Amino acid sequence: MTGKRLQGNREPASPDAAHRTAPTRGLLTDLYELTMAAAYLGQGMAGDSAIFDLYYRRNPFHGGYAVAAGLETAVRAVLETRYSSQDLTFLESLRTSAGKPLFSGEFLQYLAGHCFRGSIRAVPEGTVVFPHEPLVQVSGPLIDCQLIETILLCHVNFQTLIATKAARICEAARHAPIVEFGLRRAQGPDGALSGCRAAYIGGVEATSNVQGAALLNMPARGTHAHSLVQSFPSELEAFRAFARAVPDDCVLLVDTYDVLNSGVPHAIRVARELEGSGHRLAGIRLDSGDIAHLSREARAALDAAGLSYVRILASSELDEAAIADILAAGGCVDAWGVGTRLITGGGPGGGALGGVYKMVAHNSRPTIKLSSNPAKMTTPGDKNLIRFFSAEGLMEADALALRKEDLAAGEALLIDPLNPRRRKKLAGGRRVELLEQIVVDGEPAGEWPSLEQIRARRREQLEALHEGCRRLHNPHRYWVGLTQALWRQRAQAIRRAAV
């Protein structure tokens, strides 16, 4: 490829470049974070105070909510980030289009001693969240806040997407067990592990990912592939061999040849043989064909054989829509293995969460980003996020308020930031501040919750969310609004920015 070099081109690599130490987390960032940080330092602004909000603008999957995830891994990455000598050597090698060093020696020397010194407030993982709410709020020196943008978005965007997908799949399956089967289709090893963690937060009960199970202390589950059946002279011999290998956790894949005329009858025969030796067949798996029809017929055959305890597991490119359709058609499935569309966040409205990280205050003054698209305008200032509950214990509305506002009691009027004519009054009920202190001046503020505690929070949150907001299709829009005081501050910031 010919033409001008882009900013950030580096000098040719030496022959031993492939053997150098791998870059550390300091380089896991977008180049523009570093060039902006260099500009702040060069202009004497590195120590300016700033506040940034991380939020998203649209619910994924055309749904009514999202499940916050990825906070712990994101914050740990932020606090552990350092710039090694190898990192600095690489940055020193970068050149501008004019062939000059991209970064000054002063900036590289600054990075050599840099670590995050700011503070972080955030919505706890497992919390049900909505568009335009700050999931993470970062405050501190401007340069510190800027340098962690990419790493926060990388973790929170992906894991929130996958946790939300998992929650939707669990809802569609009517809370039958879900096994995450996505390792082989994930976006690389890190995506597989991060996605496994997020799926567990979202509600799956087990994973086929053995490393994920070991690291996360979650159940590992698996069956066998068609290759096992093809490796033996007959399907029956393959089933018998597998049953001998795992007699107390045997799930037989019955669709290699013919589900109803071969697979299920052979599974029934092996189940009876297992009973004779003091064991029980755990289940059969359907991985192709008309799952609704095949599962009904398989269930009838198993029950007729006195094997009502044998469970039916379904896989085959499933997601929440496919599962809902199978159950609506009378499918008799006890558990589900979901892979590609879960671990990648695939499906309509999926693919990426689209979270953003925007400055909302600079040197104690609220700042705003204007746009002809109201959805892209920011909400300025240091904020709280308060959740209001109805007398029945259901989530009623979320209020973005000034940090100094006291909304512990009394009436609150919320204004829709996208449609100021749309307003909602709230008087009584329980109220909870959602943003918790996570980091103070570069130090952790407390212990991290366990994954089981996060999963329990997600269950409680979804139980408190109106069923209309949990619908897979055309869900109700949950109320998120600004208090009058925050609305006025926003209007003032718009006027100042427009001058």
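Provided above is the structure to which this section pertains.
Residues numbered from 1 in each chain as written. Predicted model: local features only at pLDDT ≥ 70, side-chain atom pairs only at ≥ 80, totals over all residues. Heavy atoms only, no water.

A. Structural context of the nonpolar core. Among the nonpolar cores identified, the biggest contains 114 residues, and Ile284 and Trp336 are the most heavily contacted of them. Residues contacting Trp336, with those up to four places away along its chain left out, are Ala173, Ala176, Pro177, Ile178, Val179, Leu313, Ala314, Leu318, Ile323, Ile326 and Leu327. By size, the runner-up hydrophobic cluster in this structure holds 16 residues, among which are Ala46, Leu88, Leu94 and Leu108. (Core = buried A, V, L, I, M, F, W, Y, C linked by side-chain atoms within 4.5 Å. Buried < 20%, exposed > 50% of the residue type's maximum accessible area, 1.4 Å probe, protein only. Contact = heavy atoms within 4.5 Å.)

B. Region of the structure containing the pattern of salt bridges. Going through the model one piece at a time under the given rule, you end up with 21 salt bridges. With a shortest N-O distance of 2.7 Å, Glu320 and Arg168 are connected by a salt bridge. Of this pair, Glu320 sits in helix α13 (residues 320-328) while Arg168 sits in helix α6 (residues 149-172), placing them 152 residues apart in sequence. Considered together, Glu320 and Arg168 belong to a single accessibility category, that of buried residues. A salt bridge links Arg341 to Asp319; the shortest N-O distance between them is 3.2 Å. (Salt bridge = Lys/Arg side-chain N within 4 Å of Asp/Glu carboxyl O. Helix = DSSP H or I, 4+ residues; strand = E, 2+ residues; numbered from the N terminus.)

C. Spotlight on the sheet that holds strand β9 (residues 206-207). Pairing is parallel across the open sheet formed by six strands, whose spatial order is β9-β8-β13-β12-β11-β10. Taken across any chain shown, the strands that pair with only one partner, and hence form the sheet edges, are β9 and β10 (251-253). (Pairing = 2+ DSSP bridges.)

D. Spotlight on the packing of aromatic side chains. The final tally for this structure, using the stated rule, is three aromatic pairs. Judged by centre distance (5.3 Å) and plane angle (35 degrees), the ring pair of Phe103 and Phe107 falls under tilted. Judged by its relative accessible area of 6%, Phe103 falls in the buried class. With a relative accessible area of 1%, Phe107 lands in the buried category. With centroids separated by 4.0 Å and ring planes inclined at 15 degrees, the aromatic side chains of Phe130 and Tyr478 adopt a geometry described as stacked. Taken together, the positions of Phe130 in the loop between β6 (128-129) and β7 (136-141) and Tyr478 in the loop between α16 (467-470) and β23 (480-483) put the pair 348 residues apart, joining distant regions of the chain. Of note, Arg280 hangs over the ring of Tyr309, and the distance from its end group to the ring centre comes to 4.0 Å. (Phe/Tyr/Trp six-rings, centres within 6.5 Å; stacked < 30°, edge-to-face > 60°. Lys NZ or Arg CZ within 6 Å of the ring centre and 35° of its normal.)

E. View of the sheet that holds strand β18 (residues 412-415). Taken together, the six strands give an open sheet; going across it, the order is β19-β18-β23-β17-β16-β20, and neighbouring strands pair in mixed fashion. Taken across any chain shown, the strands that pair with only one partner, and hence form the sheet edges, are β19 (423-426) and β20 (431-433). Looking at each pair of strands side by side, their axes are set apart by 35 degrees on average, direction ignored. Pairing of strand β16 (residues 383-389) with β20, which is carried by three bridges, proceeds in the antiparallel orientation. Note that in β20 the partner of Ile386 across the bridge is Glu433. Along the sheet, helix α17 (residues 484-498) makes contact with β16, β17 (395-402), β18 and β23, crossing β23 at roughly 80 degrees. (Axes fitted to C-alpha atoms, helices over the stretch in contact; angles between N-to-C directions.)

F. Region of the structure containing the environment of Gly63. Tracing the backbone shows Gly63 in the loop between β2 (49-55) and β3 (66-67). Classification of Gly63 as buried rests on a relative accessible area of 12%. For the pair Gly63 and Asn474, spaced 411 residues apart in the sequence, the C-alpha separation amounts to 7.4 Å. Filtering out sequence-adjacent residues up to four positions away, Gly63 remains in contact with Arg168 and Pro475.

G. Geometry of the packing of helix α7 (residues 188-202) against helix α15 (residues 451-463). With their axes 8 Å apart at the nearest point, α7 and α15 run at an angle of 50 degrees to one another. Compared by their axis directions, α7 and α15 come out oblique. In this structure, α7 contributes Arg197, Tyr200, Ile201 and Gly202 to the contact, and α15 contributes Leu451, Glu452, Ile454, Arg455 and Arg458. A per-class count over the contact of α7 with α15 returns four nonpolar, one polar and four charged. (Parallel < 35°, antiparallel > 145°, perpendicular 65-115°, else oblique. Nonpolar A, V, L, I, M, F, W, Y, C, P; charged D, E, K, R; others polar.)

H. Up close: the environment of Arg341. Positionally, Arg341 belongs in helix α14 (residues 340-343). Judged by relative accessible area, which is 33%, Arg341 ranks as partly exposed. Along the sequence, Arg341 and Glu317 sit 24 residues apart, while their C-alpha atoms lie 7.0 Å from each other. If sequence neighbours within four positions are ignored, Arg341 has contacts with Lys165, Glu317, Leu318, Asp319 and Gly346.

I. Main features of the packing of α6 against α13. Axis separation between α6 and α13 bottoms out at 8 Å; the angle between their running directions is 0 degrees. By the angle class used here, α6 and α13 are roughly parallel. Where α6 approaches α13, its residues Lys165, Arg168, Ile169 and Ala172 are matched on the opposing element by Glu320, Ile323, Ala324 and Leu327. Taken together, the residues of the contact of α6 with α13 break down into five nonpolar, no polar and three charged.

J. Local environment of the side chain of Gln146. Considering the arrangement of structural elements, one finds Gln146 in helix α5 (residues 142-147). In terms of polar contacts, Gln146 uses its side chain to reach the side chain of Tyr40, at 2.9 Å. With sequence-adjacent residues up to four places away left out, Gln146 is seen in contact with Glu33, Met36, Tyr40 and Phe52. (Polar contact = N/O pair within 3.5 Å; in protein donor to acceptor, adjacent residues only side chain to side chain.)

K. Fine view of α15. For α15, spanning 13 residues, the distance from its first C-alpha to its last is 18 Å, which sits close to the expected 18 Å at 1.5 Å a residue. Here α15 has its buried residues at Leu451, Ile454, Arg455, Arg458, Gln461 and Leu462. The buried residues of α15 occupy an angular sector of 125 degrees when projected down its axis, which confines them to one face. Exposed residues lying more than 90 degrees from the buried face of α15 are Glu460 and Glu463. (Expected span 1.5 Å × (residues − 1). Arc of directions from axis to C-beta.)

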